[in-house]
Amino acid sequence: MTTILRLPGEPADITLPALLLRNAEDHGDRPALSWRATPEGEWTTLTWREARRKVAVLAAGYAALGVRRGEHVLMMMGNRPEHWLSDLALVHLGAVPVTVYNTSAPEQIAHIARHSRARFAIVEGAHELARWEPLLTDDTAPLERLVVVEAAEAGQHRTYGSLYATGGRLFDPDAFEKGWHESRADDPLTVVYTSGTTGDPKGVRITHRNVVLNAVALDAVVELPDFVEHISYLPFAHVAERMLGIYLPVFRVSHVHLCVDPNAVAATARELHPAQFFGVPRVWEKLAASVRAALSGLPQEQQESIERANEAVRARVAYVERGEEAPADIETAYREAKQNVLDPLLSLAGFDRLVWTASAAASMPMDIVRFWSGFGLVIMDAWGLTETTGVVTINTPAGFRLGSVGKPLEGLEIRTDADGEILVRGATVFDGYLLPDGGVASACDADGWFPTGDVGRIDEDGYLWLTDRKKELIVTSTGKNVSPALVENTLKEHPLIGQALVHGDGRSYLVALLVLDAEMAPAWAAARGITGDLMESEAVREEVARAVEAANARLNRTEQIKRYRLLGEEWGPETGELTPSLKLRRRVIREKYEDAISALYAP
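We now turn to the structure provided with this report. Along each chain, the written sequence defines residue order, and numbers are assigned to residues from 1. This being a predicted model, a pLDDT of at least 70 is required before a residue's local features are given, and a value of 80 or more before pairs of side-chain atoms are given or counted; all residues contribute to the totals for chains, interfaces and linings. The basis for every side-chain value is the complete set of non-hydrogen atoms in the structure, without hydrogens or water.

Observations concerning the overall build of the protein chain
The criterion, for reference: Helix and strand definitions follow DSSP, with helices as H or I runs of at least four residues and strands as E runs of at least two, each counted in order from the N terminus. Atoms considered for the radius of gyration are the C-alpha atoms alone. The globule rule reads 2.2 Å times the number of residues to the power 0.38. Residue burial is assigned from relative accessible area. The probe radius is 1.4 Å, only protein chains are included, and a residue is buried under 20% of its type maximum, exposed over 50%, and partly exposed in between. The contact criterion used throughout is that any non-hydrogen atoms of two residues lie within 4.5 Å. Shrake-Rupley sampling with a 1.4 Å probe provides the accessible areas, and residues are treated as covered by the protein chains on show and by no other component. His is not counted, nor are the chain ends; Lys and Arg add positive charge and Asp and Glu add negative charge. Each charge is placed at NZ for Lys, CZ for Arg, CG for Asp and CD for Glu.
The helix and strand inventory of the protein chain stands at 19 helices and 27 strands. Compactness check: the protein chain gives a C-alpha radius of gyration of 25 Å against a globular reference of 25 Å for 603 residues, within 12% of the reference. Over its C-alpha atoms, taken along the principal directions, the protein chain stretches across nearly 70 × 60 × 55 Å. By the burial criterion, 56% of the 603 residues in the protein chain qualify as buried. Sequence-distant contacts, at least 24 apart, represent 67% of the contacts inside the protein chain between residues at least 6 apart. In the structure as shown, the protein chain presents an accessible area of about 25,200 Å², 50% of it carried by carbon and sulfur atoms. Between the averaged position of the 62 positive side-chain charges in the protein chain and that of its 84 negative side-chain charges there is a distance of 2 Å.

Structure (structure tokens):
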């Protein structure tokens, strides 16, 4: 438990505005929020007292705009102060902020606007306006007004600056304090729309109680320094960043550093040397690829020294994982390896002060887990869904199993159904999906169990091991069930393969689309004197063939890849193959490469 906390009531009855008031009263001079106006600029910082004052002024501005208690307000902005402060301002009014992914297509935006019945949206600039303006004249959408953050691009629309100025003129402290006191713990705090891997996004309604109880449970098992810093770079449309970048900092009195450009997160970490870092598996994969590429350029003797240090650290991690005390010689080798070899390298990446490294949202490839554990960074994999307000199970330094997603948090139960589907019950499970008429449809059964759609197993020690998404399991023409994630992660263990999609539903064998790793492949080629287009390199193709052969050797016959196609262009949210949280959009990829997949099954 964070030692600085004073809870302003019983956890089940606390609202987010009550926590923000606590922060201003107890820790008003502590830093709350920092950001840069430009990538090279200086950090601007608000204290908790200053942040609450800005939230109050903004609340008056949004009230003057016409925002009412209980209505949804849409937002599409990057990780910038206007987003963070507006979110909390709307909450203080009793409104429900809904962040929409910046990468959403116009039809997805239209669906959310209609489904949420939102009258107002706050958008960043011209890029967003092009997708939102048509909805203002769409009779099927209730959208009435846009607020634009970038004043120079606002045109005839209301600017964020003018709204804040209006709030400053009309701000009434008594009305502000009275207003947020009307909120109750079971009121909706936000609606998070799922990223739509299999269809239209669904609106997940999350309450103050869901969030506060999840924060209390997480705080009980995650030991962090007081006033810990957090680098916020994932989209606020994702439940993980809403918890890590808004709700947990308010709960823990943390210091949020907003990183508006996700590509700058590595540089930001090198500057700030954070004590905690969260990344979805793809982020950890890309960071590992960068480190591997850098190490491959070192002299052979130094590479061998680092690998020996890695093995010494992994040996000690194995004892800790089993809950055993490492022998004196293992402990000594570990400390020497860390101090003399690895910590200086970690310092260059800004990772030398890390006490908590975590991941969630998808299966973490074991080679990535092993890679980072060799540097003493044990990535505490967690599991949860938007519908569970984030984390359900988590590994902790006090108990972890590499490759698992840990044990349930306090107040949550898990079990598996007959077909392996994981069911969850507890206080942080959402109260239902938003309906178009504003109502809520519960997704739990009569006993309160929510079917997650994930498939896994619970071992004898209570640790959960994920297998796959229930809807994504491949059933071959012979009736065999195959986990595509298992096969894909095995293929990606080779540094040349950055992304993979396995296909074979209703077929007699599996095929795969493989994407060269955008960072590791050039480094691998350069180390071998290979130049030019890597897709045309015979050496690269031969190495990929060996990688597939090595993966097949570790898979059973049903899971093995018979044919594959190598692709040179990385998949991403912007091109549609990944969700904004970097999960594969399998249907999109299959449709985009339909001809290539068909060719792999040709006689």
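Things to note about the pattern of salt bridges
Selection rule: Just to be clear on terms, a salt bridge is a Lys or Arg side-chain nitrogen sitting within 4 Å of an Asp or Glu carboxyl oxygen.
Under the counting rule described, the total for this entry stands at 34 salt bridges. Between Glu-71 and Arg-119 there is a salt bridge whose closest N-O contact spans 2.8 Å. Taken together, the residues span a long stretch of sequence, with Glu-71 in the loop between helix H2 (48–65) and strand E3 (72–76) and Arg-119 in the loop between helix H4 (106–116) and strand E5 (120–123) at a distance of 48 residues. Between Arg-554 and Glu-493 there is a salt bridge whose closest N-O contact spans 2.8 Å. Here the residue Arg-554 occupies a position in the loop between helix H17 (538–553) and strand E27 (561–567), and Glu-493 occupies one in the loop between helix H15 (484–491) and strand E25 (497–503), the gap between them amounting to 61 residues.

Notes on empty space enclosed by the protein
Let me state the cut-off plainly: The rule is simple: put a 1 Å grid over the protein atoms alone, call a set of points where a 1.4 Å probe fits but cannot get out a cavity, call an open set with protein on both sides within 12 Å along at least five of seven lines a pocket, and count a residue as lining if it has an atom within 4 Å of a point. Grid points are joined across faces, edges and corners, and a volume is the space filled by probe spheres set on the points.
Applying the stated rule across the entire model yields three cavities of 30 Å³ or more. Considering only enclosed or pocket space, the largest cavity measures out at about 130 Å³ in volume. Lining the largest cavity are 16 residues, and of these Arg-292, Ile-368, Lys-492, Ile-497 and Asp-517 lie nearest its centre. Where the lining of the largest cavity is concerned, the elements lending two or more residues are helix H11 (281–296), helix H14 (366–373) and E25. When residues of the lining of the largest cavity are assigned to their parent elements, the largest contribution, five residues, is made by H11.

Side note on the environment of Ser-483
With respect to the helices and strands, the residue Ser-483 is situated in the loop between strand E24 (481–482) and H15. Taking the relative accessible area as the measure of exposure, Ser-483 reaches 7% and is therefore buried. Separated by 76 residues in the primary sequence, Ser-483 and Glu-559 have C-alpha atoms spaced 8.0 Å apart. Ignoring anything within four residues of it in the chain, the contact list for Ser-483 reads Thr-467, Asp-468 and Leu-473.

Focus on unusual backbone geometry
Located in the positive-phi region is Val-253, a residue other than glycine, with phi close to 60 degrees. As for its position among the elements, Val-253 is in the loop between helix H9 (239–252) and strand E11 (255–258). A residue is classified by how much of its surface remains accessible, and Val-253, at 1% relative accessible area, is buried. Its identity is not glycine, yet Thr-389 carries a phi of approximately 60 degrees, on the positive side. Tracing the chain through its elements places Thr-389 in the loop between strand E14 (379–385) and strand E15 (390–394).

Thoughts on the nonpolar core
Selection rule: Put simply, buried Ala, Val, Leu, Ile, Met, Phe, Trp, Tyr and Cys residues joined by side-chain atoms within 4.5 Å make one nonpolar core.
Counting 127 residues, the largest nonpolar core has Tyr-62, Trp-84, Phe-351 and Trp-372 as the members making the most contacts within it. The contacts of Tyr-62, once residues within four sequence positions are left out, are Val-67, Ser-86, Ala-89, Leu-90, Leu-93, Ile-122, Tyr-160 and Leu-163. Core analysis: the second largest hydrophobic core is formed by 26 residues, Ile-497, Val-544, Val-548 and Leu-555 among them.

A closer look at the side chain of Glu-128
Formally: Polar contacts, as used here, are pairs of N or O atoms within 3.5 Å; protein pairs need one atom able to donate a hydrogen and one able to accept it. Residues neighboring in sequence count only if both atoms are side-chain atoms.
With respect to the helices and strands, the residue Glu-128 is situated in helix H5 (residues 126–136). For the buried Glu-128, no salt bridge is present, and the opposite-charge side chain at shortest range is Arg-131, 4.2 Å distant. At 2.8 Å, the side chain of Glu-128 and the backbone nitrogen of Gly-125 are in polar contact.

Comments concerning the sheet that holds strand E22 (residues 464–469)
Formally: Two strands are counted as paired when DSSP detects at least two bridges linking them. Lines fitted to the C-alpha atoms define the axes, with helices restricted to the stretch that makes contact. Angles between their N-to-C directions range from 0 to 180 degrees.
Read across the sheet, four strands follow the order E17-E18-E21-E22 without closing on themselves; strand pairing throughout is antiparallel. Edge positions in the open sheet fall to strand E17 (412–416) and E22, since each of these has one partner strand only. Neighbour-to-neighbour, the strand axes of this sheet turn through a mean angle of 50 degrees, independent of strand direction. Here E17 runs beside strand E18 (residues 421–426); their pairing, made up of five bridges, is antiparallel. Bridge pairing links Ile-414 to Val-424 in E18.

Details of the pairing of strand E26 (residues 510–516)
Of all seven residues that make up E26, seven are buried, and the element is covered over most of its length. Residues Leu-510, Ala-512, Leu-514 and Leu-516 of E26 are buried on one face, and the alternating residues Val-511, Leu-513 and Val-515, pointing to the opposite face, are buried as well. Strand direction decides the pairing type here: E25 and E26, joined by six bridges, are antiparallel. Its bridge partner lying in E26, Ala-500 is registered against Leu-514. Remark: six residues form the turn of the hairpin made by E25 and E26, two consecutive strands paired antiparallel; Gly-506 in that turn has positive phi of roughly 75 degrees. Looking at chain direction, E26 and E27 are connected through six bridges and run parallel. From the neighbouring strand, Leu-514 faces E27, where its bridge partner is Leu-566.

Quick notes on the packing of H2 against helix H3 (residues 81–92)
Which entries qualify depends on this criterion: By convention, the crossing between two helices is left-handed when the near helix turns anticlockwise from the far helix through less than a right angle, and right-handed when the turn is clockwise.
Interhelical geometry of H2 versus H3 gives an angle of 65 degrees and a closest axis separation of 8 Å. Note on packing geometry: the crossing formed by H2 with H3 is right-handed. Between H2 and H3, the contacting residues are Trp-48, Ala-51, Lys-54, Val-55, Leu-58, Ala-59 and Tyr-62 on the first element and Trp-84, Leu-85, Ser-86, Leu-88, Ala-89, Leu-90 and His-92 on the second.

Brief notes about the packing of aromatic side chains
Two aromatic rings are characterised by how far apart their centres lie and by the angle between their planes. Definition in use: Any two rings among Phe, Tyr and Trp, with Trp reduced to its six-membered ring, count as a pair given centres within 6.5 Å; such a pair is stacked if its planes are under 30 degrees apart, edge-to-face if over 60, and tilted if neither. To sit over a ring, a charge needs its Lys NZ or Arg CZ within 6 Å of the ring centre and within 35 degrees of the ring normal.
Applying the stated criterion to the full structure yields 15 aromatic pairs. Ring geometry for Phe-277 and Phe-351: centres 5.5 Å apart, planes at 45 degrees, overall tilted. In this pair, Phe-277 sits in strand E12 (residues 276–278) while Phe-351 sits in the loop between helix H13 (328–349) and strand E13 (356–359), placing the two residues 74 residues apart along the sequence. Each member of the pair, Phe-277 as well as Phe-351, carries the same accessibility label: buried. On the basis of an interplanar angle of 50 degrees and a centroid distance of 5.3 Å, the ring pair of Phe-371 and Phe-375 is categorised as tilted. An identical accessibility class is assigned to Phe-371 and Phe-375; each is buried. Here the aromatic residues Tyr-233, Phe-277, Trp-284, Phe-351, Phe-371, Trp-372 and Phe-375 are joined through ring pairs into a cluster of three or more. Over the ring of Phe-227 we find Arg-30; its NZ or CZ atom is 4.0 Å from the centre of that ring.

Quick word on the sheet that holds E15
Strand order in the open sheet made by the five strands is E12-E13-E14-E15-E16, with mixed pairing throughout. The strands lining the two open edges of the sheet, one partner per strand, are E12 and strand E16 (407–408). Pairing geometry for E15 and E16, over two bridges, is antiparallel. Each bridged residue has a counterpart across the sheet, and for Thr-393 the counterpart in E16 is Pro-408. Each of E12, E13 and E14 touches H11; the most contacted strand, E13, lies at about 120 degrees to it.

By themselves, these are just geometric observations and shouldn't be taken as functional.
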